[in-house]
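Observations on the three-dimensional arrangement
If you want the building blocks of each chain, they are given just below.
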Amino acid sequence: MKIFYHPDKEEWPAILKRPAFEVAALRETVGKILKDVQTQGDAAVLAYSRQFDLTSFNDLSVSAEELDAAASRLAPALKTAIETAYRNILKFHVAQHAPVQTIETMEGVFCSRKSVAIDRVGLYIPGGSAPLFSTVLMLGVPAKLAGCRRIVLCTPPDKTGQVHPAILFAARLVGVDAVFRVGGVQAIAAMAYGTATVPKVDKIFGPGNQYVTAAKQLIQAEGVAIDMPAGPSEVMLITDDEANPDYVAADLLSQAEHGPDSQVILISLSARLVEETLKALARQIETLPRKEIAVRAMASSAAVIIDGAKAAMEMANEYAPEHLILATKDAETMAEGVVNAGSVFIGGYSPESVGDYASGTNHTLPTNGYARAYSGVSLDSFVKKITFQRLTPDGLRAIGPTVMEMARAELLEAHARAVEIRLKDL
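Residues numbered from 1 in each chain as written. Predicted model: local features only at pLDDT ≥ 70, side-chain atom pairs only at ≥ 80, totals over all residues. Heavy atoms only, no water.

So, the overall build of the chain
A count of helical and extended segments in the chain gives 17 helices and 14 strands. Summarising its shape, the C-alpha atoms of the chain cover approximately 85 × 60 × 45 Å along the three principal directions. Of the contacts formed within the chain by residues at least 6 apart in sequence, a portion of 75% connects residues at least 24 apart. Accessible surface, the chain as shown: approximately 20,300 Å² in total, 54% of it carbon and sulfur. Looking at the chain, you have 41 positive and 49 negative side-chain charges, and the mean spots of the two groups are 7 Å apart. (Helix = DSSP H or I, 4+ residues; strand = E, 2+ residues; numbered from the N terminus. Contact = heavy atoms within 4.5 Å. Areas by Shrake-Rupley, 256 points an atom, 1.4 Å probe, with all protein chains shown as cover. Lys, Arg positive; Asp, Glu negative; His and termini not counted. Charge placed at Lys NZ, Arg CZ, Asp CG, Glu CD.)

Quick look at the structure:
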């Protein structure tokens, strides 16, 4: 982990530079897979699954019997944990429902906005080195609450063609309509274009590796919506002398173990805290099952000793982290200064892990600096906001002259006449 002592502001961009992620270099490979699935359907999906996932199955669909049997394959403690997380996520997201409000902007002119569910959505759930059954909850709960008519899920199987039972249990719990044992670019393609087996969807959600991310970006250009641009996972911590170095090290490693291209940044007002955290990191990483992955991630990470909370927050907002942990004595006050972040964790007893799994907030968040302009997934991600207006005769009389004046100033005579013809009848 590189250490920087009181760097000048001009040095910040280089310190905060994320690992290179070149979508352009992948376009040819990913584009070919997309095209093959678009033209050859299930045959291409199966061929690429055998090539990349080393599987030999022929049935893409997960049966109702497999979904039913998943619960019996899980330890009771894990089932209870998933159900607890489900309830918390449901409780947080159900509160995001907004009532329809009708506003009378002027006498006789009534305007309103209504949330309408996206008809068909696809959920992509990684299942390779770490089956992310928690993401099933994060995406499936708001999709169901929104009222999406068709919710399909794609996830890669193991070499025997089996899907992890926790993914299937969570899918059944949230009410997914159909599950398919397919991963990678071929899964994104199948949901984007539709095959004989996998239905076409209107919007695709979910994390993935650089190939999946590139595929999502390419199909977005063809008119299929995606949740957000996303890259490798990341966390930033702001600490002071009161932070617990063991906690800080654990938080850094919890993100580093996601993948070798993950990034962790530690900003501290205390040089002593950084020194003690590095010692704790060295101890904790030795017993980490995903040690090799974490070590590689730490190579592109940094610790920065900085002067003052104001400068620390300014650096955080410049970086715009996916996850921001505030482990300082005045964490609540600092949180008020957050402008750019996906999700914020306040205080020493709020590890990023709780948001990943069970606090209730969504863990599908903008990465790679996109938190400057994007929000994490929410109920709103699964709906369209449609506006309505209704005018009475008096309303048209009141607003008509304004519309005609503006339309004619823009040289759009037909717009003006659409109002004028009605006013003459009135």
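Thoughts on the sheet that holds strand β14 (residues 383-391)
Backbone hydrogen bonds are what pair the strands of a sheet, in a parallel or an antiparallel way. What the 3 strands build is an open sheet, ordered β2-β3-β14; its pairing is antiparallel. Looking along the sheet, the strands with just one partner apiece sit at the ends: β2 (102-106) and β14. Geometrically, the sheet is characterised by an average inter-axis angle of 25° between neighbouring strands, direction not taken into account. Relative to strand β3 (residues 109-117), β2 runs antiparallel, the two sharing 4 bridges. (Pairing = 2+ DSSP bridges. Axes fitted to C-alpha atoms, helices over the stretch in contact; angles between N-to-C directions.)

A closer look at the sheet that holds strand β8 (residues 225-226)
Taken in spatial order, the 5 strands make up an open sheet running β6-β5-β4-β7-β8, and their pairing is parallel. The sheet is open, and its two edges are formed by β6 (178-181) and β8, each paired on a single side. The pairing of strand β5 (residues 150-155) with β6 spans 4 bridges and is parallel. Within β6, the residue paired with Thr-155 across the bridge is Arg-181. Along the sheet, helix α6 (residues 133-146) makes contact with β4 (120-124), β5 and β7 (203-205), crossing β4 at roughly 170°.

A short note on the layout of surface pockets
Rolled over the atoms, a probe as big as a water molecule pinpoints where empty space is left. Quantified by volume, the second largest pocket comes out at close to 250 Å³. Together, 15 residues line the second largest pocket, and Ala-98, Pro-99, Arg-113, Ser-115 and Lys-385 are the ones closest to its centre. Going through the elements one at a time, β3, α6 and β14 are the ones with two or more residues in the lining of the second largest pocket. Broken down by element, the residue count for the lining of the second largest pocket peaks at 3 residues, all from β3. The residue inventory of the lining of the second largest pocket, partitioned by class, reads 7 nonpolar, 4 polar and 4 charged. (1 Å grid on protein atoms, 1.4 Å probe; cavity = no way out; pocket = protein on both sides within 12 Å on 5 of 7 lines; lining within 4 Å. Points joined across faces, edges and corners; volume = space filled by probe spheres on them. Nonpolar A, V, L, I, M, F, W, Y, C, P; charged D, E, K, R; others polar.)

Structural notes on the side chain of Thr-155
The residue Thr-155 is located in strand β5 in this model. At a separation of 2.6 Å, a polar atom in the side chain of Thr-155 contacts the main-chain carbonyl oxygen of Ile-125. Ignoring any residue separated from it by four or fewer positions in sequence, one finds Thr-155 in contact with Ile-125, Pro-126, Gly-127, Val-163, Ile-167, Phe-180, Arg-181, Val-182 and Gly-183. (Polar contact = N/O pair within 3.5 Å; in protein donor to acceptor, adjacent residues only side chain to side chain.)

Structural notes on unusual backbone geometry
A positive phi angle, close to 45°, is found at His-6, a residue other than glycine. Relative to the assigned elements, His-6 resides in the loop between β1 (2-5) and α1 (12-15). Using a relative accessible area of 42% as the deciding quantity, one classes His-6 as partly exposed. (Buried < 20%, exposed > 50% of the residue type's maximum accessible area, 1.4 Å probe, protein only.)

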